[in-house]
Amino acid sequence: MDEILLEKLKDISILCVEDEDGIREVIVNTLKYYFKEVYEACDGEEAYEMYLEYKPKIILSDIQMKNVNGVDFVKKVRQTDRNTAIIMLTAHSNEEYLMDLINLNVNHFILKPLNLKKLNEALFKYINENLLDQIILAPNLFLDLHKRALIFNEKEDISLRKREKDFLHLLYENKNNIVTYNQIEEELWIDKEMTAHALKSFIKDLRAKLPINIIKNISQEGYTLLVKN
């Protein structure tokens, strides 16, 4: 992996969840090459305790484990946390779990056995989605998080207010799911009440700035990105 990309992972923490000691030891030793803080757990129960204590930025978890399996562990995390990146290790026999995991906004799946190439692909995806200044909202449309602006066709800069930038980033982070009205209020309105009129006016003003329509309203539920990447 490129040295610049490796540098971006330096201060990121990761939790590895795997019930087979030998496999977990190999994975953890590999992860230590990328990350300064690597935590480990042998099942979903211990993993949830580690998650609550250390709040890692990334979770790398097996699915089938003793005590609490990976699916139930992720369900507990996602009850209050939609932002922590989750990478699942899966086997062909785990297919019955995949729909549940997709609905839980799992960021990446790695087919067993794990190797360096597969791990690099997952970490590169994490960097691209979370650590780079620009994210792709649609073909030729980028959101520059640092400048707080949209870039269209590589030349047109469209300035955004902070809440507009945060809303588009929220849609991107949940691009395979619906961002609900409650989620928008909790993450963007913070300590203020979000009225229906305030949200409607906000979306109308933001749409007026967009060079192409990328916001889709899901009636009585919330919003999602119209253009999938």
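As shown above, the structure is provided for reference.
Trainee: Which residues make up the nonpolar core, and what are the values?
Mentor: In terms of nonpolar packing, the biggest core is built from 28 residues, with L150, F167, L168, I184, I214 and I215 touching the most fellow members. Elements that contribute at least two residues to this core include exactly β6 (134-138), β7 (141-144), β8 (149-152), α7 (162-173), α8 (181-189), α9 (196-209) and β12 (222-225). Tallying contributions element by element places α7 first for this core, with 5 residues. Formed by 22 residues, the second largest nonpolar core is a distinct cluster that contains I12, V28, L89 and A122.

Trainee: Describe the pattern of salt bridges, and please don't skip the residues or the numbers.
Mentor: One pass over the full model with this rule turns up 8 salt bridges. For E121, the salt bridge goes to K117, with nearest N and O atoms at 2.7 Å. Of this pair, E121 and K117 both sit in helix α6 (residues 116-130), 4 residues apart, which is roughly one turn of the helix. The exposure class assigned to E121 is partly exposed, which follows from its relative accessible area of 41%. For K117, a relative accessible area of 59% gives the class exposed. As a salt-bridge pair, K209 and E164 come within 2.8 Å of each other at their nearest N and O atoms. With K209 in helix α9 and E164 in helix α7, the pair connects residues that are 45 residues apart, well separated along the chain. Given the relative accessible area of 29%, K209 is considered partly exposed. The class of E164 is buried, set by a relative accessible area of 0%. Through salt bridges with shared partners, one network takes in D21, R24 and E40.

Definitions and limits used
Residues numbered from 1 in each chain as written. Predicted model: local features only at pLDDT ≥ 70, side-chain atom pairs only at ≥ 80, totals over all residues. Heavy atoms only, no water. Core = buried A, V, L, I, M, F, W, Y, C linked by side-chain atoms within 4.5 Å. Buried < 20%, exposed > 50% of the residue type's maximum accessible area, 1.4 Å probe, protein only. Helix = DSSP H or I, 4+ residues; strand = E, 2+ residues; numbered from the N terminus. Salt bridge = Lys/Arg side-chain N within 4 Å of Asp/Glu carboxyl O.

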